[in-house]
Amino acid sequence: MLGFERYGNGIARGMAVTLRNMFRRTITTQYPEERLNVSRRVRGNILGWSSEKCIGCYTCARSCPHGCIEITTSSRGARGPVAAPCNQACPAHVNAARYIRLIREGKPDEAVAVVREKIPFPSVCAYICAHPCESSCTRGQLDEPIAIRMLKRYAVDNDTGLWKQRSRVAPPSGKKIAIVGSGPAGLSAGYYLSKLGGHSVTVFEALPEPGGMMLVGIPAYRLPRHILAADIKEIEQAGVTIETNVQIDAPESLLEQGYNAVLLAVGAHEAIGIGVPGDDEPGVLGGVDFLRQVNLGRRVELGNRVAVIGGGNTAMDSARTAVRLGAGEVTIVYRRTRAEMPASAEEIEDALAEGIKIVFLAAPSGVTSKEGQLLLECLRMKLGPEDSSGRRRPEPIEGSQYTMPLDNIIAAISQRPVVPASFAVDTDKSNRIQVEKETLTTGKKAIFAAGDAVLGPATVIEAIASGRQAAISIDKYLGGSGDIDETLASAEEIADRASGPSEDWRPGVAAIPLGGRLDGFDGVELGWSRESAVFETERCLRCDITYNVEKYRLNGGLCIYCGLCVEYCPFDALYMSYEYEHGWYRFGQRLLEQEQLLVPDKVKPSGYAHPEIEETLPQQTLLIDRD
Amino acid sequence: MTAAGTISQASALASDWPGNFWLHLLVFALIILAFVILTVIILIWLERRLLGRIQVRPGPNRAGPFGLLQPIADVVKILTKEDTVPGWGDRLVFWLAPLVAFVPVLLVFAVVPFWNGALLADLNIGILYVLAVSSVASVGIFMTGWASGNKYSLIGAMRDIAQLISYEIPMMLSLAAVVLVAGSLSLNEIVAAQDVPYILLQPMGFTIFFIAALAEANRTPFDLVEADSEIVAGFNIEYSGMKFAILYLMEYSEVVFIAAIATSLFLGGWRGPFLPPFLWFVIKMFAVFFVLIWIRGTLPRLRIDQVMAFAWKFLLPLALINLVVTGAQVVFWPQAPYWSLVPINVTLLAALLLLWARFFRLGGSRVGI
Ligand SMILES: Cc1cc2nc3c(=O)[nH]c(=O)nc-3n(C[C@H](O)[C@H](O)[C@H](O)COP(=O)(O)OP(=O)(O)OC[C@H]3O[C@@H](n4cnc5c(N)ncnc54)[C@H](O)[C@@H]3O)c2cc1C
Ligand code: SF4
Ligand code: SF4
């Protein structure tokens, strides 16, 4: 009997594992700020794998806590049947998976060309995109999503302008289009209509400079102005005329002036007030109004103690801007908890790092002013049951009033579009212009609408996607083909894959030190070096490429049927049955003959992919609600 | 080999430092108390942090920087808990037990040299004293088990006694070998005699000592005295408040104690180049802590039959062989140079371990306790 050898070996390996763990990055859930919900899933006994669906991405192998899945794939890949999740998640369908590969191959200029195929604002997006792609990135299920935005930033920082050589310009069509509003929606639509539709486009902007919310909302420390200016210049070079300081009141009159179509892309620029008695006291500012003043370089008098009401990105931007204007004590008041905050986690972290305090579970109930200072009266809140948006509804606690003495209050709760009655278009109760979903036509002939004016406050990339949609629709309306796609990157050659994706976490992102940040509006985040960028690209699982799987083995002796692999597989290539006894028998019996995965005759996929049967499955959550 | 070694007497601390016998007692009693409590606090923090890292989570990190104040928060929490005495228990014994358990552990430190001559009492029977006094702690543990009037407490306490008696024997035999090599029972002299740390000269002795010490201090994988999954919390199940705090302190002081003894007897104690002796002592102790925590984070708990069998069938014979071999080396080859003894003994350790592993077999028939 080889007792000691076996035990000794086991002990030594165990000690090695624990030692290695000491140097790994820790993972934790900080209750109650973060609540981890694990979806319902199935445990069962038959685990099956479908060779047709599997693309050899290694996700399952890496998700398995016991390392019992072994995959060998060919190194030659081909384009798979479905687009990568990142690509699908992007409102404008920018092919992130592809440009990540190009960056890895050392071709940032080709990567920018890939981005340019879908959006005219590559640099802006590289700096401030809300990156829905990262939220759906497969890699995020394993550890951290690929830092797609930072990779794009690396690409635009190292662009050589290669895309211009392949740029297509349509012959003039002789049609004239007026666009109201120079935000991302208006400018994107204008760019495509002018460049690929051949129409002559004029953009009217009420403010002295073009850019919309990108200019007057997003602060310069997140989006440096020269970056925005460069993207806009490219659009002007494509033939778009921008007329600033022109306020449009009646789109009908534009049609009378000879324009063939009008696009309303007026954004959402009216701050919604706090809605409590006294919210019109002097010293109470609207979030976007405040940012607009600052961003247009106008003087804004701010006192030392500032409270910002709200929990979205506008609140974060207002607070961080206030700090930069010299306010010493900035407090964000939010009525729910951090877990429910709509602002992005990075923004919250940055705000906290810059010394901004956040008061959770408090809502204003009144404002009074006394001896030149404002008194903000707040009520403590507690979280009640979930509302329709899935977030828990805050409920006031009786008699928990308290007051905060302040110099200024900034209401950054939300925005709504300003649609003057003279536009004569249908709006809903949040003032959003009502359009036909597919074509973006308003009730009026030849008048279209796009961007935040239709969506309500959204994101730049959604506005761009909406602008593209409007461009297609307007081009078709004017008798064009509606084809605004162009091929700017060279035809893709899929290089051989040397090895599976790397095991590492994201490299860190450098930022200018805290000390240097607060007295100016310089860009906070610094870009990546080539090394960091390539390092990051190596983590990508290449979800859109299929590799021929030569060997797929599950070590039945190690598998604990946790079902994680089934859940992680982005392509539904794995399934597990819940025929416990039955399955066990069949699986067990054949396991003895051949140690390989068996395909059961009845395929019952996990609830992950089938929400309709989810109700009947046992629910699992890691943390129990205690309050 | 003589005990004097190469350390000159001049560098040793006078035995009545700082000048007077009673003052010496007082000062060292305070130093020891402070040292033990401080080390225990650091140890508890270190253990929780390291276990956290091992389990890929940060460990306590809210109280103070890096969670450094966590032990203090814990102490405050424990001390403010209600102090209860079980109705069916034996009140007097219940009160006394934590003290009976804790004091002996503290007493052991009287003979631990922090550097040359810096110890409360340089007893010429140091090791004997250590073994004798430390075993008394088990009486305290047994008292807790008895006085709680709870079957789980009693089972825990019984396990402790069984474990202690079993492991005391290989431990003593392994220390006897050290005494043979050093030619003295005084800890300070044993340290002074270690021109080469005895972990190299006595690899087998160290292995046996270390395993036995783990068992005596009820550390994983021998923590079945307090195996939650079997006997809830073992001997201290009925304790709360201050009394629980003392038991907790006792458990961790035992860890400090085995680290201190391992350091003194096998790792060269306060000896080492460049750094001040006291620092060497502490560094080595913390190295031992690290290994203890590492083991705790890795190995699962043994069953009681495995524990017993391991002591009697594995450690005891090896300890006997080690004693005979060491005796032979000391008698027949007293002038043996280190460069030949070290490899010989290490090879012997490996050979014997492998050989014994083949003999060693568990169970076969019924299992008791
Ligand atoms: C503070 C803040 C921070 C944000 N941060 C981000 C971020 O980090 N990432 C992200 O993706 N999104 C962010 N957004 C959202 C994003 O900026 C908007 O969703 C996007 O700019 C909307 O684009 P749009 O073209 O629809 O409208 P806008 O960008 O709002 O442009 C509308 C333009 O129309 C002009 N206009 C309005 N009425 C008239 C009129 N009658 N005549 C002429 N001109 C008119 C306005 O002056 C404005 O310039 C942020 C928004 C805010 C407020
Ligand atoms: S792993 Fe790569 S290809 Fe897959 S979703 Fe993430 S970025 Fe896209
Ligand atoms: S996760 Fe799915 S697609 Fe990816 S290798 Fe595993 S089975 Fe194939």
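Look a little higher up for the structure.
Keep in mind that this is a model prediction, so the values were computed, not measured. (Residues numbered from 1 in each chain as written. Chains lettered and ligands numbered in written order. Predicted model: local features only at pLDDT ≥ 70, side-chain atom pairs only at ≥ 80, totals over all residues. Heavy atoms only, no water.)

Asker: Looking at this structure, how should I read the overall build of chain B?
Answerer: Each helix and strand counted, chain B has 13 helices and zero strands in total. The helix and strand sequence of chain B, counted from the amino end, reads α-α-α-α-α-α-α-α-α-α-α-α-α. For chain B, the residues scored as buried account for 54% of the 369 residues in total. Partitioning the contacts of chain B with sequence separation of at least 6, the portion at a separation of at least 24 is 78%. Of the roughly 16,400 Å² of accessible surface on chain B, 73% is carried by carbon and sulfur atoms. (Helix = DSSP H or I, 4+ residues; strand = E, 2+ residues; numbered from the N terminus. Buried < 20%, exposed > 50% of the residue type's maximum accessible area, 1.4 Å probe, protein only. Contact = heavy atoms within 4.5 Å. Areas by Shrake-Rupley, 256 points an atom, 1.4 Å probe, with all protein chains shown as cover.)

Asker: Would you take a moment to explain unusual backbone geometry for this structure?
Answerer: The bulk of non-glycine residues show a negative phi, and the bulk of peptide bonds are trans. A cis amide bond links Thr220 of chain B with the next residue in sequence, Pro221 of chain B, at an omega value of 0°. Along the chain, Pro221 of chain B falls in the loop between helix H8 (203-216) and helix H9 (228-231). In this structure, His93 of chain A is a non-glycine residue whose phi angle is positive, near 55°. Note on placement: His93 of chain A falls in the loop between helix H3 (85-89) and helix H4 (96-104). With a phi angle near 55°, Ala424 of chain A is a residue other than glycine that sits in the positive phi range. Among the structural elements, Ala424 of chain A can be located in the loop between strand S17 (415-416) and strand S18 (447-449). Accessibility expressed as a relative area gives 42% for Ala424 of chain A, which makes it partly exposed.

Asker: Could you clarify how one ought to interpret the site of ligand 1 in this entry?
Answerer: Residues and elements named next belong to chain A. Around ligand 1, 36 residues are found, and the nearest of them are Ile128, Glu205, Arg222, His269 and Asp452. Contact between ligand 1 and Met213: an oxygen atom at 2.8 Å from a main-chain N or O atom of the residue. Across the complex, the protein chains shield 95% of the 1,000 Å² of accessible surface that ligand 1 would expose by itself. Of all the elements in the fold, those that place two or more residues in the shell around ligand 1 are helix H10 (184-195), helix H14 (287-295), helix H15 (313-324) and helix H18 (460-477). Here the residues of the shell around ligand 1 sort into 20 nonpolar, twelve polar and four charged. (Near = heavy atom within 4 Å. Polar contact = N/O pair within 3.5 Å; in protein donor to acceptor, adjacent residues only side chain to side chain. Nonpolar A, V, L, I, M, F, W, Y, C, P; charged D, E, K, R; others polar.)

Asker: Whenever I open this one, the sheet that holds strand S11 (residues 357-359) of chain A confuses me. Can you help?
Answerer: Pairing between the strands of a sheet is mediated by backbone hydrogen bonds and can be parallel or antiparallel. All names here are of chain A. Spatially, the five strands line up as an open sheet ordered S8-S16-S9-S10-S11, and their pairing is parallel. Strands at the two margins of the open sheet, each flanked by one partner only, are strand S8 (284-286) and S11. Averaged over neighbouring strand pairs, the angle between their axes works out to 25° when direction is ignored. Across the sheet, H14 touches S8 and strand S16 (408-411), and the angle it forms with S8 is around 80°. (Pairing = 2+ DSSP bridges. Axes fitted to C-alpha atoms, helices over the stretch in contact; angles between N-to-C directions.)

Asker: I keep staring at the side chain of Arg468 of chain A and nothing clicks. Help me out?
Answerer: All names here are of chain A. Its place among the elements puts Arg468 in helix H18. Overall, Arg468 belongs to the buried group, its relative accessible area being 9%. There is a polar contact of 2.8 Å between the side chain of Arg468 and the backbone oxygen of Lys118. Among the polar contacts made by the side chain of Arg468, one reaches the side chain of Tyr192 at a distance of 3.3 Å. Dropping the residues within four chain positions of it, Arg468 is found in contact with Ala92, Glu117, Lys118, Tyr192, Ile484 and Asp485.

Asker: What is the right way to look at the sheet that holds strand S3 (residues 176-180) of chain A in this model?
Answerer: All names here are of chain A. Here five strands make up an open sheet; going across it, the order is S5-S4-S3-S6-S18 and the pairing parallel. Strands at the two margins of the open sheet, each flanked by one partner only, are strand S5 (241-243) and S18. For this sheet the average axis-to-axis angle between neighbouring strands, irrespective of direction, equals 20°. Bridging between S3 and strand S6 (residues 261-264) involves four bridges; their strand directions are parallel. Counted as the bridge partner of Ile177 is Ala261 from S6. Sheet strands in contact with H18 are S3, S6 and S18, and its direction is about 165° off that of S6.

Asker: Help me understand the environment of Arg24 of chain A in this model?
Answerer: Mapped onto the fold, Arg24 of chain A is located in the loop between helix H1 (3-22) and strand S1 (47-49). C-alpha separation for the pair Arg24 of chain A and Trp505 of chain A, spaced 481 residues apart in sequence, amounts to 10.0 Å. With residues up to four places along the chain from it excluded, the contact list for Arg24 of chain A reads Arg53 and Val56 of chain B.

Asker: Explain the site of ligand 2 here, please?
Answerer: All names here are of chain A. Taken together, 13 residues sit near ligand 2, with Cys86, Cys137, Cys540, Leu541 and Cys543 positioned nearest. Only H3 and H4 provide two or more residues apiece to the shell around ligand 2. For the shell around ligand 2, the residue count by class is eleven nonpolar, one polar and one charged.

Asker: Would you mind going over a nonpolar patch on the surface with me for this structure?
Answerer: All names here are of chain B. Together, Leu180, Val330, Val331, Phe332, Trp333 and Ile344 give the surface a local cluster of nonpolar side chains, amounting to about 590 Å² of exposed area. It is helix H12 (residues 304-332) that provides the largest number of residues to the nonpolar patch, a total of three residues. Structurally, Trp333 is set in the loop between H12 and helix H13 (338-359). What makes Trp333 partly exposed here is its relative accessible area of 39%. (Patch = residues over 30% accessible without salt bridge, like charges linked within 9 Å, V, L, I, M, F, W, Y side chains within 5 Å. Salt bridge = Lys/Arg side-chain N within 4 Å of Asp/Glu carboxyl O.)

Asker: Would you take a moment to explain the pairing of strand S4 (residues 200-204) of chain A for this structure?
Answerer: As a general feature of sheets, a regular strand has side chains that alternate between the two faces. Residues and elements named next belong to chain A. When you tally the buried positions in S4, you get four out of five residues, the bulk of the element. Where the polypeptide runs from S3 across H10 and back to S4, its parallel neighbour, the crossover connection is right-handed. Sheet analysis places S4 next to S5, joined by three bridges and oriented parallel. Residue pairing for S5: Phe204 is matched across the bridge by Glu243. (Right-handed = clockwise from strand over helix to strand, strands pointing away.)

Asker: Would you mind going over the pattern of salt bridges with me for this structure?
Answerer: Pairs can form between side chains of opposite charge whenever their charged atoms are close. Throughout the structure, instances matching the rule amount to 40 salt bridges over all chains. One continuous salt-bridge network, built from bridges that share partners, spans Arg222, Asp317, Arg320, Arg324, Glu347, Asp350 and Glu354 of chain A.

Asker: Before we go on, may I ask you to explain the environment of Arg539 of chain A in this structure?
Answerer: Residue and element names in this part refer to chain A. If you trace the backbone, Arg539 turns up in the loop between helix H20 (530-537) and strand S19 (545-554). Since its relative accessible area comes to 0%, Arg539 is described here as buried. Sequence separation between Arg539 and Trp505 is 34 residues; the distance between their C-alpha atoms is 8.0 Å. Setting aside anything within four residues of it in sequence, one finds Arg539 in contact with Arg139, Asp143, Glu144, Pro145, Ile146, Pro501, Ser502, Asp504, Trp505 and Arg506.

Asker: What exactly am I supposed to notice about the nonpolar core here?
Answerer: The nonpolar side chains of a soluble globular protein tend to be buried with one another. In terms of nonpolar packing, the biggest core is built from 115 residues, with Tyr167, Tyr198 and Ile261 of chain B touching the most fellow members. When near neighbours in sequence (up to four residues on either side) are disregarded, Ile261 of chain B contacts Val108, Val112, Val130, Leu187, Phe209 and Phe266 of chain B. Formed by 107 residues, the second largest nonpolar core is a distinct cluster that contains Cys86, Ile128, Ala471 and Ile474 of chain A. (Core = buried A, V, L, I, M, F, W, Y, C linked by side-chain atoms within 4.5 Å.)

Asker: Please clarify how the packing of aromatic side chains should be interpreted in this entry.
Answerer: One pair of aromatic rings is described through two measures. These are the centre distance and the angle between the planes. A complete count under the given rule lists 20 aromatic pairs over all chains for this structure. Plain terms: the ring middles of Tyr248 of chain B and Tyr252 of chain B are 5.3 Å apart, the flat faces sit at 50° to each other, and that makes the pair tilted. Of this pair, Tyr248 of chain B and Tyr252 of chain B both sit in helix H10 (residues 241-266), four residues apart, which is roughly one turn of the helix. Feature note: the residues Phe35, Phe114, Phe278 and Phe281 of chain B constitute an aromatic cluster, connected by ring pairs. When the ring centre of Tyr259 of chain A is taken as reference, the NZ or CZ atom of Lys176 of chain A above it lies at 4.6 Å. In this structure, Arg324 of chain A packs its charged tip against the face of Tyr221 of chain A, placed 3.8 Å from the ring centre. (Phe/Tyr/Trp six-rings, centres within 6.5 Å; stacked < 30°, edge-to-face > 60°. Lys NZ or Arg CZ within 6 Å of the ring centre and 35° of its normal.)

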